[in-house]
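As a plain string of letters, each chain reads:
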Amino acid sequence: MRYFSSVLLLLSGSSLSFSFLPPLPSSRLDSAHPASRHRPCSPGLSAPLSAKTSRTDQNGMSYVRRPHIYRPGKSPELSTSSSNKAALAAETREGPDGMLEEGGEQALLARLLETMGRESLSEQTLDSVLRVYCTHVQPSFAAPWQRLQQISSTSSGFVIEGRRIITNAHSVEYGSIIQIRKRGCDIKWVAELLAYGPECDLAVLTVRDEAFWEDLYPLAFGELPALLDDVSVVGYPVGGESLSVTAGVVSRIELQEYAQGGETLLAIQIDAAINSGNSGGPVINDQDKLVGVAFQSLSSHDTENIGYVIPVDILLHFLADIERHGKYTGFCRLGVKFQPMESPALRRHKALSPGASGVLITRVDPLAPAHGLLRKGDVLMGVDGISLANDGTIPFRKGERVELHYYFSQLFQGDTVQLRIWREGITQDIAVPAYIYKLAVRPHLNNEMPSYFMVGGMVFTVLSHPFLLSNLGETYAPETDADVRLLSLIQSPLQEPEQQLVVLSEVLEHSVNLGYELFHRQHLTLFNGEEIRNLAHLVSLVDACREGEMVFEFDRGEILVLDAGAAHKATQEVASTHGIPASRSTNLVAPEGGTLAPPTSTVAAEDAKMKVKKSIAPPIEAARTSTASQ
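Residues numbered from 1 in each chain as written. Predicted model: local features only at pLDDT ≥ 70, side-chain atom pairs only at ≥ 80, totals over all residues. Heavy atoms only, no water.

Per an unreviewed UniProt entry, the recorded name for the protein chain is Protease do-like 9, and the organism is Nannochloropsis gaditana.

Have a look at this one:
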């Protein structure tokens, strides 16, 4: 990267200093960073002036080297674009090696300043970006009757239509209080959580105080950007208190795993750093329109400045889902597992016609609407008239392909697709409804406390990703064979609507359970010979067993036997010793005079997510048609 000095010009008889900031080594500028040696000014950026950079060629002609200019929302390498070169060529004369002929500086500078003023972010846009303060009180999965010490975080958000604020779901996860501060304001307003979408890492907030909405305008939605499009990440990252604008370029658009919810959705990769505090901030194109939401970055020793953005299409789907159903329901899938058919031998084995392509279905989820319509061994060849390649991709945009899952992620529950399959030498067209795909191991708990049940010092809970994260760490490093078996269940689909995987979390030592203190993180499968469907089912079986033996059997065949009467008696003693307020979580307490109802299914639990108050959010524009149909 070459660095260029500032230029001092005399315009209209008066001395004006124009400072051109050399690009930072990372080609980024964070104007809010306190350690920055560069001071912001308008419309450019100030830096200490130095002597004019010039040289004389072999013919004695003097030339001035063209500076590299930073423009908000544009690449610092302004002079390298062919369009700008063509525009400037009409007004300036170039010498060798990109040097400007003496006297051409004034026209160049005027042209550059005109361009910068036209494409910089507006004050109205910047004012729409907010700082989000949240106090988090997360549960303890090691002791699920407790909460961890509260922690505080700051992130970013922005205003959209309907007096709504968009931010990341992880920015307000388990938030006990959420506050919002406007740009340049010293007041924090209390916010209310309206909708929470952990799979797409998005949340909707609002503020009830009328005064908050004065001089705030919603951001306009743009289109999904193209490769090499210039974007600006706006927000409040670490390193300062004021608003920060960082420029970047779209370098990739493809499906990525969203860390918050474990879902695989379309994401935009940019070369601008997305740091802590940027989460939830808008990503703006050079037309001052929203193209995405900053949400995560890739951190490793061999990567640098790789940030990920939630595309505007995903945000529109999230909002349309809320508008359609009155609540967030999730993202759809077909509900099958398939194998690519890139092998010619495999295609011959399935007797595919020459030129035909598709993927081999290896599993159909038991709860999917496709179950009974599709079979293991079918070849899926296309969806809604779109041919499916042997690698499982479909056309996306010119020169781009995307995985089939993207198409289904743009649908809503109840939408129907037309599938073309190859079955036993015959091509068939089948109509199949899309559905909200759920795994037996939940990736998140939707801000709920974990369920637990303790009897005779044995603590049982439901297997989930937060449980594994709490016990095994971020890398999910197994410590025992039992851990390996738990990890093998992560991708298991639900076998029935109310299924839960029950695990023995730990054994709190007492005389009644001597010899079992090393049992922990074991998958419970049977109680007194009866298969365990969920945690509520286990509670009802244990409560009914007052005499004789309690026999707990685990997935590898180990058994744990307790005296039933002694175990019930010891439960209160263990609870008192360890400060446990109750032997079970509140959702497992049977109503007075009644029996414990079966747990709300994972599917139904998703449907029971908080509903958006219609008075806050008026109808929004319907989501745009998926570009995958091209």
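### Focus: the overall build of the protein chain
In plain terms, the rule: Strands here are runs of E lasting at least two residues and helices are runs of H or I lasting at least four, both read from the DSSP assignment and numbered beginning at the N terminus. Only protein chains enter the calculation, and the probe is 1.4 Å; a residue is then buried if its accessible area is under 20% of its type maximum, exposed if over 50%, and partly exposed in between. Methods summary: accessible areas were calculated by the Shrake-Rupley approach with a probe of 1.4 Å, and residue burial reflects only the protein chains presented.
Each helix and strand in the protein chain was counted, giving 11 helices and 36 strands. Expressed as a percentage of its 630 residues, the buried residues of the protein chain come to 53%. Accessible surface for the protein chain amounts to roughly 28500 Å². Of this, 50% is attributable to carbon and sulfur atoms.

### Some thoughts on a negative patch on the surface
In plain terms, the rule: Only residues whose relative accessible area exceeds 30% and that form no salt bridge enter a patch; like-charged residues are grouped when within 9 Å of one another, and nonpolar side chains (Val, Leu, Ile, Met, Phe, Trp, Tyr) when within 5 Å. Salt bridges, as used here, are contacts in which a Lys or Arg side-chain nitrogen is within 4 Å of a carboxyl oxygen on Asp or Glu. Asp and Glu are treated as the negative residues and Lys and Arg as the positive ones, with His and the ends of the chain left uncounted. By convention, charge coordinates are those of NZ in Lys, CZ in Arg, CG in Asp, or CD in Glu.
Negative charge collects at one region of the surface, where Glu254, Glu342, Asp391 and Glu403 lie side by side. Inspection of the secondary structure puts glutamate 254 in strand β15 (residues 244-257).

### Quick word on the pairing of strand β28 (residues 426-433)
The line we're drawing: When DSSP finds two or more bridges between two strands, those strands count as paired.
Here strand β27 (residues 416-423) runs beside β28; their pairing, made up of 8 bridges, is antiparallel. Bridge pairing in β28 places valine 417 opposite valine 432. A loop of 2 residues connects β27 with β28, the two strands running antiparallel in sequence, and glutamate 424 in this loop sits at a positive phi of about 50°.

### Here we look at the pairing of strand β8 (residues 129-136)
Within β8, 8 of the 8 residues are buried, which leaves it mostly tucked inside the rest of the structure. Pairing analysis gives 8 bridges linking β8 to strand β9 (residues 151-160), with the strands arranged antiparallel. Across the sheet, cysteine 134 pairs through a bridge with serine 153, a residue of β9. Bridge count between β8 and strand β11 (residues 175-181): 6 bridges; the pairing is antiparallel. Bridge pairing in β11 links arginine 131 to arginine 181.

### Focus: the environment of isoleucine 532
How we decide: Any two residues having at least one pair of non-hydrogen atoms within 4.5 Å are treated as being in contact.
Topologically, isoleucine 532 is positioned in the loop between β34 (530-531) and α9 (535-544). For the pair isoleucine 532 and valine 502, spaced 30 residues apart in the sequence, the C-alpha separation amounts to 7.8 Å. Ignoring sequence-local partners within four residues, the contact set of isoleucine 532 consists of Val502, Leu524, Thr525, Leu526, Phe527, His537, Leu538 and Leu541.

### Some details on the side chain of serine 156
As a reminder of what qualifies: Nitrogen and oxygen atoms within 3.5 Å of one another constitute a polar contact, given that in protein one can donate a hydrogen and the other can accept it, and given that sequence-neighbouring residues count only through two side-chain atoms.
Relative to the helices and strands, serine 156 is located in strand β9. At a separation of 2.7 Å, a polar atom in the side chain of serine 156 contacts the main-chain carbonyl oxygen of glycine 277. With near-sequence residues (within four places) excluded, serine 156 lies in contact with Leu130, Val132, Ile166, Thr167, Gly235, Tyr236, Gly277, Asn278, Ser279, Gly280 and Gly281.

### With respect to the nonpolar core
As a rule of thumb, nonpolar side chains are buried together in soluble globular proteins. Threshold: In this description, a nonpolar core means a group of buried Ala, Val, Leu, Ile, Met, Phe, Trp, Tyr and Cys residues linked to one another through side-chain atoms lying within 4.5 Å. Here the limits of each domain have been adopted from an automatic or database domain assignment.
Residues Phe318 and Leu374 are the most contacted members of the largest nonpolar core, which totals 75 residues. Among the domains, domain 1 (123-325) and domain 2 (332-436) are the pair contributing at least three residues each to this core. Once residues within four sequence positions are removed from consideration, phenylalanine 318 is found in contact with Ala195, Gly197, Cys200, Leu202, Ala203, Val204 and Tyr328. Counting residues in each nonpolar core, the second largest holds 28 residues, with Phe527, Ala536, Val542 and Phe554 among its members.

### Notes on the pattern of salt bridges
Pairs can form between side chains of opposite charge whenever their charged atoms are close. Applying the stated criterion to the full structure yields 18 salt bridges. In this structure, arginine 423 and aspartate 378 form a salt bridge, with 2.7 Å as the shortest nitrogen-oxygen distance. With arginine 423 in strand β27 and aspartate 378 in the loop between β22 (359-364) and β23 (379-383), this residue pair connects regions lying 45 residues apart in the sequence. Salt bridges linked by common partners bring Glu123, Asp127 and Arg183 together as one network.

### Brief notes about unusual backbone geometry
With a phi close to 55°, arginine 163 is a non-glycine residue in the positive phi region. Checked against the element boundaries, arginine 163 lands in the loop between β9 and β10 (164-167). Classification of arginine 163 by relative accessible area gives partly exposed; the value is 39%. Within the chain, asparagine 447 stands out as a residue other than glycine whose phi angle is a positive 65°.

### Looking at α9
Judged by how many residues are buried, α9 sits mostly within the fold: 7 of 10 residues are covered. For α9, every residue scored as buried is listed here: Leu535, Ala536, His537, Leu538, Val539, Leu541 and Val542. In this structure asparagine 534 caps α9, since a side-chain oxygen of it lies 3.3 Å from the backbone nitrogen of alanine 536.

### Looking at the sheet that holds strand β14 (residues 230-235)
Definition in use: In this description, a line fitted to the C-alpha atoms serves as the axis of each element, helices being fitted only across the stretch in contact, and the angle between N-to-C directions of two axes falls anywhere from 0 to 180 degrees.
Spatially, the 6 strands close up into a barrel ordered β14-β15-β16-β19-β18-β17, and their pairing is antiparallel. Averaged over all adjacent pairs, the angle separating strand axes in this sheet is 45°, with direction ignored. Taken together, the 5 bridges between strand β18 (residues 290-297) and strand β19 (residues 307-311) define a ladder with antiparallel strand orientation. From the neighbouring strand, glycine 292 faces β19, where its bridge partner is proline 311. Strands β16 (264-270), β18 and β19 of the sheet are contacted by helix α4 (residues 312-325), whose axis makes an angle of about 45° with β19.

### Looking at the sheet that holds strand β13 (residues 202-206)
Read around the closed barrel, 6 strands run β8-β9-β10-β13-β12-β11, paired in antiparallel fashion. On average, adjacent strands in this sheet sit at an angle of 40° to one another, irrespective of strand direction. Relative to β13, α4 is tilted by about 60°, and along the sheet it contacts β9, β10, β12 (188-197) and β13.

### A few points about the packing of aromatic side chains
Note the threshold: Stacked, tilted and edge-to-face are the three classes applied to pairs of Phe, Tyr and Trp rings, where Trp contributes its six-membered ring and a pair requires centres within 6.5 Å; stacked means planes under 30 degrees apart, edge-to-face means over 60, and tilted covers the rest.
In the structure shown here, the tally under the stated rule is 13 aromatic pairs. Aromatic side chains phenylalanine 318 and tyrosine 328 sit 5.5 Å apart centroid to centroid with 55° between the ring planes, which places their arrangement in the tilted category. Residue phenylalanine 318 is located in helix α4, and its partner tyrosine 328 is located in the loop between α4 and β20 (332-333); the two are separated by 10 residues in the primary sequence. Each member of the pair, phenylalanine 318 as well as tyrosine 328, carries the same accessibility label: buried. Among the aromatic residues, ring-to-ring pairing joins Trp189, Phe212 and Trp213 into one connected group.

### Topic: the environment of tyrosine 435
Summarising the element assignment, tyrosine 435 is placed in strand β29 (residues 435-436). Spatially, the C-alpha atoms of tyrosine 435 and proline 369 are 7.1 Å apart, while their sequence positions differ by 66 residues. Setting aside its immediate chain neighbours within four residues, tyrosine 435 contacts Phe331, Cys332, Arg333, Leu334, Gly335, Asp365, Leu367, Ala368 and Pro369.

### Re the side chain of arginine 584
Within the element layout of this structure, arginine 584 appears in the loop between α10 (564-578) and α11 (602-607). Within the local environment of arginine 584, its side chain forms a polar contact with the side chain of serine 583, the two groups lying 3.4 Å apart.

### Describing α10
What counts is decided by this rule: Expected span, for any helix, means 1.5 Å times one less than how many residues it has. Two axes enter the bend calculation: one fitted to the seven residues ending at the residue in question, the other to the seven starting there, and the bend is the angle between them.
Between its first and last C-alpha atoms α10 spans 21 Å; for 15 residues at 1.5 Å apiece the expected length is 21 Å, and the two agree. Largest kink in α10: about 30°, centred on alanine 570. Taken together, the buried positions of α10 are occupied by Ala564, Ala567, His568, Ala570, Thr571, Val574 and Ala575. Tucked into the core, α10 has its buried residues touching β30 (452-455), α9, β35 (549-554) and β36 (559-563). You can read the cap of α10 off the contacts: a side-chain oxygen lies 3.3 Å from the backbone nitrogen of glycine 565, and it is on aspartate 563.

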